[in-house]
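# What the coordinates show
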Amino acid sequence: MDMEKWLPAWLQLLVLLPVAISCYLPAKNQMRHTPLKTAGMCFALLFPCSLLGAWLHGTFEISVNTVLLLCLILFFFFYRRTLKTDLPRALAIFVGVCAVQTFPLQFAYAFDARLHPLSGAGQISKEAALLQLILACLMPIAAASLPLRYSEAAEKHTVFQI
């Protein structure tokens, strides 16, 4: 197996872990299990899925995007079963998070085009895949920290105390 193909594919598929965190943040009060147990189950599903997807890409030349789409479908069914909310809400959160998580990929494509102007858009380099993973990990951190910061400021300036 060619490491030059396998490593960027694996880094691209590891983005599923921050996607999972981003999906559970808005639904943290609707989880069926404790956050630690849910995190363990997500890791047990998504980490082997990313390894298998990278192996499929390296061995059978299956596109990373195809593997990612299949992993996302599999993760949605898992996500839905771990929440107490109804299907439309779970689907809205999931699709919204997937839409927001496309921004790190676009930045990675731009970074890759700058590094390797003659390469195609079918596969990104390991540097760009690492940038995508880092940016994807920063997304849930930013999403979790902003409400905390602004809720403290709102409580400080509230006239009426409950």
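Relevant structure appears above.
Here we summarise the structure given alongside this text. Every chain is numbered independently, its residues counted from 1 as its sequence is written. The predicted origin of the model limits local features to residues at a pLDDT of at least 70 and limits the giving and counting of side-chain atom pairs to 80 or more, whereas totals for whole chains, interfaces and linings rest on all residues. With hydrogens and water stripped out, all remaining heavy atoms of the structure feed into the side-chain values.

### Some thoughts on the environment of L46
Each helix is a run of H or I in the DSSP string that is no shorter than four residues. Each strand is a run of E no shorter than two, and both are numbered from the N terminus. Note that L46 resides in helix α3 (residues 35–60). To sort residues, take the accessible area from a 1.4 Å probe on protein chains only and compare it with the maximum for the residue type: under 20% means buried, over 50% means exposed, and anything in between is partly exposed. The exposure class assigned to L46 is buried, which follows from its relative accessible area of 1%. For the pair L46 and V15, spaced 31 residues apart in the sequence, the C-alpha separation amounts to 9.5 Å.

### Section: the nonpolar core
Buried together is how nonpolar side chains tend to be arranged in soluble globular proteins. Counting 36 residues, the largest nonpolar core has C23, Y24, F75, Y79, L83 and F94 as its most contacted members. Breaking this core down by element, the ones donating at least two residues are α1 (3–13), α2 (16–24), α3, α4 (64–81), α5 (87–100) and α7 (126–156). With 8 residues, α4 is the single largest residue contributor to this core. Sequence-distant contacts of F94, defined by excluding residues within four places in its chain, comprise C23, L72, F75, F76 and Y79. We call a set of buried residues a nonpolar core when its members are Ala, Val, Leu, Ile, Met, Phe, Trp, Tyr or Cys and they connect through side-chain atoms within 4.5 Å of each other. Contact between two residues is taken to exist if any of their heavy atoms lie within 4.5 Å; hydrogens are not considered.

### Points about unusual backbone geometry
Positive phi is not limited to glycine here, since E61 has a value of about 60°. Considering the arrangement of structural elements, one finds E61 in the loop between α3 and α4. In this structure E61 comes out as exposed when scored by relative accessible area, which is 51%.

### What to know about a nonpolar patch on the surface
A surface patch of nonpolar side chains, about 380 Å² in accessible area, is lined by L52, W55, F60 and I62. Mapped onto the elements, L52 comes out in helix α3. Residues forming no salt bridge and having over 30% relative accessible area are the ones grouped into patches, like charges within 9 Å of each other and nonpolar side chains (Val, Leu, Ile, Met, Phe, Trp, Tyr) within 5 Å. Surface accessibility follows the Shrake-Rupley procedure with a 1.4 Å probe radius. Residue values consider only the protein chains on display as shielding. Salt bridges are counted wherever a side-chain nitrogen of Lys or Arg sits within 4 Å of a carboxyl oxygen of Asp or Glu.

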